[in-house]
Protein chains: 2
Amino acid sequence: MNIYDVSRQAGVSIATVSRVLNGNAKVSEATRQKVLKVMEEMGYTPNVFARGLGLNTMQTVGIMCADSSDSYLATAIYYLEQELRNYDYDVLLCCTGYEWENRKKYMELLLSKRVDAVILAGSNFVEQTREKNRYIAEAAEKIPVVVLNGYLEAENVYCALCDDADALYRVTKTYLNAGKRDILFLGRSLSYSGVRKRSGFLQAYEEMGLKCRKNQIIIQDGTIDEIRDLLIGRAKQGIREEVIVTADDELAIGAVKYAKSLGIQIPGDLEVVGYNNSKLGLCCEPELTSVDNKLEYSCMNVVNVLMKVFHHGRVPARTMISADLAVRGTTSINFLGGF
Amino acid sequence: MNIYDVSRQAGVSIATVSRVLNGNAKVSEATRQKVLKVMEEMGYTPNVFARGLGLNTMQTVGIMCADSSDSYLATAIYYLEQELRNYDYDVLLCCTGYEWENRKKYMELLLSKRVDAVILAGSNFVEQTREKNRYIAEAAEKIPVVVLNGYLEAENVYCALCDDADALYRVTKTYLNAGKRDILFLGRSLSYSGVRKRSGFLQAYEEMGLKCRKNQIIIQDGTIDEIRDLLIGRAKQGIREEVIVTADDELAIGAVKYAKSLGIQIPGDLEVVGYNNSKLGLCCEPELTSVDNKLEYSCMNVVNVLMKVFHHGRVPARTMISADLAVRGTTSINFLGGF
DNA sequence: TTACACAATGTAAACGCTTACACTTTTCTT
DNA sequence: AAGAAAAGTGTAAGCGTTTACATTGTGTAA
């Protein structure tokens, strides 16, 4: 069943039916209702392919992420999907894994499906070298690209950021102000936000005129248990700390588990701060204090930017929000001044 | 740039270009190479809309789930996406929330986008009444529908199941055989797999000729903390148990947290068994023993079924696998006989 | 009354592919 | 060597929309 069937049944031309369908051109209210009624009765659904051919859009946005099963990314995808649906856009999902070499291919795949825009979820999409990011800039020549929590400078690329540097700066500063000196920063290998987090950590030390030892920074990709074991190994060499600040909740949970297995009291002997305020943090005992980067808000922001771009509005290439802190059981310090 | 540009440049007809594109009809190797080279040089990408119009497919599968941020569903989506991509299918994601009234609408949305099939991820898609499932059966009249871990009887609906009843039966039986009697079943409100899990639990009691008290079964939708508080309240009324078996890991973690907050030793005083073997279970201390319903395997199975259906192969309407058990710190019993 | 603006509708040409059918050339049979 | 079968290619008719342009009708100002 197609537009001809409807037009015949309604006694109008296909142009009129099409106009009713799109609602942008003039149609008298009487015919409008008549056509609508016929569509309803016949159970007519326009063919998206034909529609796509004509309009060159299928109201679809591609979301690229490394791994949609990752708690943080899964949450982002959920918020993005919900928000996009409010504007009648569908989501084409694309998981690239962590090797950037694949990503060009996946991006081309999305482009070939003629998505209206691409959202890159997660800062691990932005690499250190311009060369590695070229595929993003190239894509952005054709359609809008929005990076969620990653920074990239290129025409037609918009970034929705959380000020990760500042968040880590404030957490660290609070501890330094309280007289703590042995603070460990636990991060992942260097994504954009990873770099920013570390620099916020370092800035706090610098500002106090304090030296930060090399072994106060650990960059480690690995599972919770690997993190735990790493820290246990370290402790056995006699390296202990009073505070561990991290770049994500899994790292923090690894730290909590390390403490538990050595009988170190949390938050008595050791305070731990996670990042992302994910559900994982509610699973451990005590519950994790964690930086809340307001993911839902950022996701809504991303979609907002997109909609404005679609409607030819002016949009700043980069928006930045401040993080909150969800204070729970793994800390006892008073953050009120800093957060 | 379109197929005409390519055909002109290559000095062949558009039919030949199309044939090269689709690779199903006869083209001499020489022309094939020539056309391929021109495409490469021009950076030609076929227009999916036009292609869709002709072929009436866009190589896309819809995945419906209640909430893609849920750890279990997020993992399922990931595996499904990866496997589908192996066959050059893309994923259109659709999160419906938990109210079944919305689902008809979302299903129609997917159908209107002309997906080649729909995968329903999670048993909460299958309701108790036939009426509520009608929208699924209706969709299945048009395209194949596969339910992941849910059971539905209808033409063109395929189910990839894990034998949840058997898993809970075996766990429960093991404890009963060991002389434990106070076992609590903690489930969610009745989805298909929820019902099956409970019936497996009950079957174990029945088979031993034992009575199962009403308060040995709790059906509770809620967060980890709500579960914990519920159990604490129960304990204060003097109701204690030796074992808690659950329908998902969040419930189990709620149980672990309840035990911790009352100083109940795990696994000394209380054993806890989760379900789904999700990442959450690795976050708590001790780590959660959890039924492994082999999600990755099931997902591959779902995609396999789909591919066979697409190629007009005969496929059983329902496939069932057995669960494993990931034994970790919250149990001390020996499951070897049962698993 | 004429001329004109404007609203409502129709006609027909894209949009970029696939593929049935027709045609030509090559290869195989006997 | 003739005829049949197979291989390779082209022509043209869809697929179901959108939309520029043409047409008709209707109210309004001169």
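Residues numbered from 1 in each chain as written. Chains lettered and ligands numbered in written order. Predicted model: local features only at pLDDT ≥ 70, side-chain atom pairs only at ≥ 80, totals over all residues. Heavy atoms only, no water.

A. Representation of the state of the cysteines within the structure. Residue and element names in this part refer to chain B. Scanning all chains against the criterion turns up 0 disulfides over all chains. Among the cysteines around C159, which has no disulfide bond, C162 carries the closest sulfur, lying 14 Å off. Since its relative accessible area comes to 3%, C159 is described here as buried. (Disulfide = S-S within 2.5 Å. Buried < 20%, exposed > 50% of the residue type's maximum accessible area, 1.4 Å probe, protein only.)

B. Focus on the side chain of B:S278. Residue and element names in this part refer to chain B. Checked against the element boundaries, S278 lands in the loop between β9 (271–275) and β10 (289–292). Look at S278 and you get buried, because its relative accessible area is 12%. Apart from the residues within four sequence positions on either side, S278 is in contact with S71 and D249. (Helix = DSSP H or I, 4+ residues; strand = E, 2+ residues; numbered from the N terminus. Contact = heavy atoms within 4.5 Å.)

C. Structural view of the domain arrangement of chain A. Along its sequence, chain A is carved into domain 1 (3–55), domain 2 (60–162 + 295–322) and domain 3 (164–292). Between domain 1 of chain A and domain 2 of chain A, the C-alpha centre-to-centre distance is 34 Å. (Domains from an automatic or database assignment.)

D. Quick look at the confidence of the model for chain A. Here chain A averages 94 in pLDDT, while 100% of its residues score no lower than 70. When mean pLDDT is compared element by element in chain A, strand β2 (residues 90–95) of chain A scores highest at 98, while helix α7 (residues 130–140) of chain A scores lowest at 91. (pLDDT = per-residue confidence, 0-100.)

E. Main features of the interface of chain B and chain A. Taken residue by residue, the interface counts 49 residues in chain B and 49 residues in chain A. Surface buried jointly by chain B and chain A totals about 4400 Å² across both partners, of which 60% is contributed by carbon and sulfur atoms. The largest contributions to the chain B side of the interface with chain A come from B:F49, B:K113 and B:C283, which together make up 17% of the buried area. Counting every contact that joins chain B to chain A gives 6 salt bridges. If you look at where chain B meets chain A, you find 22 residue pairs in polar contact (both at pLDDT 80 or more). Of all the secondary-structure elements, those providing two or more residues to the side of chain B that touches chain A are α4 (48–55), α5 (71–86), β2 (90–95), α6 (101–112), α10 (224–236) and α11 (249–261) of chain B. (Buried area = accessible area lost by both parts, 1.4 Å probe. Salt bridge = Lys/Arg side-chain N within 4 Å of Asp/Glu carboxyl O. Polar contact = N/O pair within 3.5 Å; in protein donor to acceptor, adjacent residues only side chain to side chain.)

F. Fine view of empty space enclosed by the protein. Evaluation of the coordinates by the stated rule reveals 3 cavities of 30 Å³ or more. Tallied by class, residues from the lining of the largest cavity come to 5 nonpolar, 2 polar and 3 charged. (1 Å grid on protein atoms, 1.4 Å probe; cavity = no way out; pocket = protein on both sides within 12 Å on 5 of 7 lines; lining within 4 Å. Points joined across faces, edges and corners; volume = space filled by probe spheres on them. Nonpolar A, V, L, I, M, F, W, Y, C, P; charged D, E, K, R; others polar.)

G. Looking closely at the protein's contact with DNA strand D. The environment of DNA strand D is made up of 26 residues, and the closest members are A:S18, A:Y44, B:S13, B:R19 and B:T31. A share of 63% of the atoms of DNA strand D within 4 Å of the protein falls on sugar and phosphate groups. A distance of 2.7 Å is found between a phosphate oxygen of DNA strand D and a backbone nitrogen or oxygen belonging to B:S13. Measuring from a phosphate oxygen of DNA strand D, one finds a side-chain N or O atom of B:T31 at 2.7 Å. Among the secondary structure elements, those contributing two or more residues to the surface near DNA strand D are α1 (3–10), α2 (14–22) and α4 (48–55) of chain A together with α2 (14–22) of chain B. Residues that form the surface near DNA strand D fall into these classes: 14 nonpolar, 9 polar and 3 charged. (Near = heavy atom within 4 Å.)

H. Here's a closer look at the packing of aromatic side chains. All names here are of chain A. Summed over all chains, the structure comprises 14 aromatic pairs over all chains. Ring geometry for Y78 versus Y79: centroids 5.9 Å apart, planes at 55°, classification tilted. Assessed through its relative accessible area of 19%, Y78 is described here as buried. Residue Y79 is classed as partly exposed on the basis of its relative accessible area of 25%. Between the aromatic rings of F335 and F339, the centroid separation amounts to 6.3 Å while the plane-to-plane angle is 85°, which identifies the pairing as edge-to-face. You can call F335 buried: its relative accessible area is 4%. We classify F339 as partly exposed; its relative accessible area is 28%. (Phe/Tyr/Trp six-rings, centres within 6.5 Å; stacked < 30°, edge-to-face > 60°.)

I. A look at the packing of helix α1 (residues 3–10) of chain B against α2(B). All names here are of chain B. Here α1 crosses α2 at 105°, and the two axes come no closer than 8 Å. As far as their axial angle goes, α2 and α1 are roughly perpendicular. Facing α1, whose interface residues are I3, Y4, V6 and S7, α2 presents I14, V17 and S18. Of the residues assigned to the contact of α1 with α2, the class counts are 5 nonpolar, 2 polar and no charged. (Axes fitted to C-alpha atoms, helices over the stretch in contact; angles between N-to-C directions. Parallel < 35°, antiparallel > 145°, perpendicular 65-115°, else oblique.)

J. Local environment of the sheet that holds strand β9 (residues 271–275) of chain A. Residue and element names in this part refer to chain A. Taken together, the 6 strands give an open sheet; going across it, the order is β7-β6-β8-β9-β10-β12, and neighbouring strands pair in mixed fashion. Lying at the two open borders of the sheet, with one neighbouring strand each, are β7 (217–219) and β12 (324–326). Direction aside, neighbouring strands of the sheet carry axes that sit 20° apart on average. Direction of pairing for β9 relative to strand β10 (residues 289–292): parallel, over a ladder of 3 bridges. Bridging across to β10, V273 finds its partner in T289. On top of the sheet, helix α10 (residues 224–236) reaches β6 (183–187), β7 and β8 (243–246); it is set at about 145° to β6, its chief contact. (Pairing = 2+ DSSP bridges.)

K. Inspection of the protein's contact with DNA strand C at higher detail. Around DNA strand C there are 26 residues in total, and A:S13, A:R19, B:I3, B:S18 and B:Y44 lie nearest to it. A distance of 2.8 Å separates a phosphate oxygen of DNA strand C from a polar atom in the side chain of B:N22. Elements supplying a minimum of two residues to the surface near DNA strand C: α2 of chain A together with α1, α2 and α4 of chain B.

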